[in-house]
Amino acid sequence: MIKIGNYNKLKISRLADFGAYLDAGNGVEILIPSRYLAEAPEVGQELDVFVYTDSEDRLIASTEHPFIQVGQFAFLQVVDVHPRMGAFLDWGITAKDLLCPFNEQRTRMTKGGLYCVYAYLDDATKRVVCSSKIEKYLGNVYPNYRPHQIVEALVVRRTEIGYMAIVNNLHAGMIYVDELIAHPEIGQTVTAYVKKVRDDGKLDLTMKDTNGRRAHSLADAILEYLTANGGVGTITDKSSPDEIATKFGCSKKDFKKAVGLLYKERKIDLKPGKMMLTGK
């Protein structure tokens, strides 16, 4: 079954002067224009294509990579506003912009504005459209995460207590500001860790590794730092938090954990004012 607004693997059923037709099953064929084909396409060749509908509601295939697919969230820019239909956003498909109807706009969109939207398939028209009323598309499936689980989080907006984020295109989460070393940017996708699944289905997140992975990652960075400096470094567990954060992008607490790990594994020696690779 064809998934409109997503990638599909389809075979070329026949060639035409202006492109080729792909077999979508049940007698349905989808046009892929010539500009998306290799120089010598062959019948039976399988292609990985993005399928959408054009302005005349015909199914079209493309090898372009859109910024968003059906079921996903992303920040997109408005390229035009139609007085009756709504706003049109650039989603990375050259031939057609993505419509956000007025009744799906959280606030009235303006040309040039950047908005977080959710892409979905309109049941009535079978067209891919989007909505900036993102909350209604979050938390519809109860979260099943374990503590310390790694997730991908799209940072949506700043609040008084932290940053609201969208986790795995399904759930709302909060990254609390009092736990941050560096602040993420709005629109950035970050790696985060699940601290807690709340009773309302929302997630408490942290960007600190709460299961030891951070210490091992920092330990590798410290070894690289020492190797690049002839095996000896002047940044130690006695250095200032600012100096440690500037060099390694972490808190002094996390840095000391990594140093302790290396010392326990006998990979480094500690001396007043310096640390060094074992044997130096």
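Coordinates for the structure precede this section.
Report on the accompanying structure.

1. Quick word on the sheet that holds strand β18 (residues 274-277)
Link 1 in the chain: Read across the open sheet, the three strands follow the order β16-β18-β17; overall the sheet is antiparallel. Both edges of this open sheet fall to β16 (232-233) and β17 (268-271), since each of them pairs with a single strand only.
Link 2 in the chain: Across the sheet, helix α3 (residues 252-264) lies against β17 and β18, angled at about 115° from β17, the strand it touches most.

2. Quick look at empty space enclosed by the protein
Link 1 in the chain: In total, this model carries one cavity of 30 Å³ or more according to the counting rule given.
Link 2 in the chain: One number sums up the size of the largest cavity: a volume of about 40 Å³.
Link 3 in the chain: Taken together, Tyr52, Thr53, Trp91, Lys96, Asp97, Leu98 and Val128 make up the full set of residues lining the largest cavity.
Link 4 in the chain: Looking at the lining of the largest cavity residue by residue, the class counts come to four nonpolar, one polar and two charged.

3. A closer look at the sheet that holds strand β15 (residues 203-206)
Link 1 in the chain: One closed barrel accounts for five strands, arranged β11-β12-β13-β15-β14; its pairing is mixed. Ignoring which end each strand starts from, the neighbouring axes of this sheet average 50° apart.
Link 2 in the chain: When strand β13 (residues 171-176) meets β15, the two strands line up parallel, connected through three bridges. Bridge pairing in β15 places Gly173 opposite Leu203.

4. Here's the deal with unusual backbone geometry
Trans is the common state for peptide bonds, and a negative phi is the common state for residues other than glycine.
Link 1 in the chain: Residue Asp57 is not a glycine yet carries a positive backbone phi of 65°.
Link 2 in the chain: Inspection of the secondary structure assignment puts Asp57 in the loop between β4 (46-53) and β5 (59-62).
Link 3 in the chain: With a phi angle near 60°, Asn169 is a residue other than glycine that sits in the positive phi range.
Link 4 in the chain: By the element assignment, Asn169 lies in the loop between β12 (162-167) and β13.

5. Details of the layout of surface pockets
Link 1 in the chain: As a volume, the second largest pocket reaches approximately 240 Å³.
Link 2 in the chain: Together, 16 residues line the second largest pocket, and Leu138, Met164, Ala172, Gly173 and Lys202 are the ones closest to its centre.
Link 3 in the chain: With three residues, the single largest contributor to the lining of the second largest pocket is β13.
Link 4 in the chain: Across the lining of the second largest pocket, the residue classes break down as seven nonpolar, four polar and five charged.

6. Quick look at the packing of aromatic side chains
Link 1 in the chain: Applying the stated rule across the entire model yields ten aromatic pairs.
Link 2 in the chain: Consider the rings of Tyr118 and Tyr137, whose centres lie 4.3 Å apart with planes at 20°: the pair is stacked. Linking Tyr118 in strand β9 (residues 114-121) with Tyr137 in the loop between β10 (128-131) and β11 (150-158), this pair joins segments that are 19 residues apart in sequence. Like Tyr118, the residue Tyr137 is buried in the burial classification.

7. Regarding the nonpolar core
Link 1 in the chain: Judged by nonpolar contacts, the single largest core of 34 residues is most densely connected at Ile32, Leu89 and Trp91.
Link 2 in the chain: For this core, the element with the most residues is β4, which contributes five residues.
Link 3 in the chain: Leu223, Ile244, Phe255 and Ala258 belong to the second-largest nonpolar core, a separate cluster that totals 18 residues.

8. Focus on α3
Link 1 in the chain: Taking 1.5 Å of rise per residue, the 13 residues of α3 would be expected to cover 18 Å, and the 18 Å separating its terminal C-alpha atoms lies within 8% of that figure.
Link 2 in the chain: Those residues of α3 that fall on the buried side of the exposure criterion are Asp254, Phe255, Ala258, Val259, Leu261 and Leu262. Seen end-on, α3 carries its buried residues on one side only, within an arc spanning 155°. For α3, exposure combined with an orientation more than 90 degrees from the buried face picks out Lys253 and Lys264.
Link 3 in the chain: A positive backbone phi angle near 60° is found at Arg266, which sits one or two residues after α3.

Basis of the calculations
- Per chain, residue numbering runs from 1 following the sequence as it is written.
- Side-chain atom pairs in this predicted model are given and counted only at pLDDT of 80 or more, local residue features only at pLDDT of at least 70, and totals for whole chains, interfaces and linings cover all residues.
- Only hydrogens and water are removed before side-chain values are computed, so all heavy atoms of the structure are retained for them.
- DSSP-based pairing: two strands are paired if at least 2 bridges between them are found.
- Strands here mean DSSP runs of E at least two residues long; helices mean DSSP runs of H or I at least four residues long; both are numbered from the N terminus.
- Two residues qualify as a contact provided that any one of their heavy atoms is within 4.5 Å of a heavy atom in the partner residue.
- Think of each axis as a best-fit line through the C-alpha atoms, taken over the contacting stretch in the case of a helix, with angles from 0 to 180 degrees between the N-to-C directions.
- Method remark: on a 1 Å grid restricted to protein atoms, a set of points is classed as a cavity if a 1.4 Å probe fits but cannot get out and as a pocket if it is open with protein on both sides within 12 Å along at least five of seven lines; lining residues have an atom within 4 Å of a point.
- Grid points are joined across faces, edges and corners, and a volume is the space filled by probe spheres set on the points.
- When residue character is reported, Ala, Val, Leu, Ile, Met, Phe, Trp, Tyr, Cys and Pro are called nonpolar, Asp, Glu, Lys and Arg charged, and the others, Gly included, polar.
- Whether two aromatic rings pair depends on their centres lying within 6.5 Å, for rings of Phe, Tyr and Trp, where Trp uses its six-membered ring; planes under 30 degrees apart make the pair stacked, over 60 edge-to-face, and the rest tilted.
- A 1.4 Å probe rolled over the protein chains alone gives each residue an accessible area, and that area as a share of the maximum for its type sets the label: buried under 20%, exposed over 50%, partly exposed in between.
- We call a set of buried residues a nonpolar core when its members are Ala, Val, Leu, Ile, Met, Phe, Trp, Tyr or Cys and they connect through side-chain atoms within 4.5 Å of each other.
- Helix span, expected: 1.5 Å multiplied by one less than the number of residues in the helix.
- Think of the arc as the fan of directions from the helix axis to the C-beta atoms.

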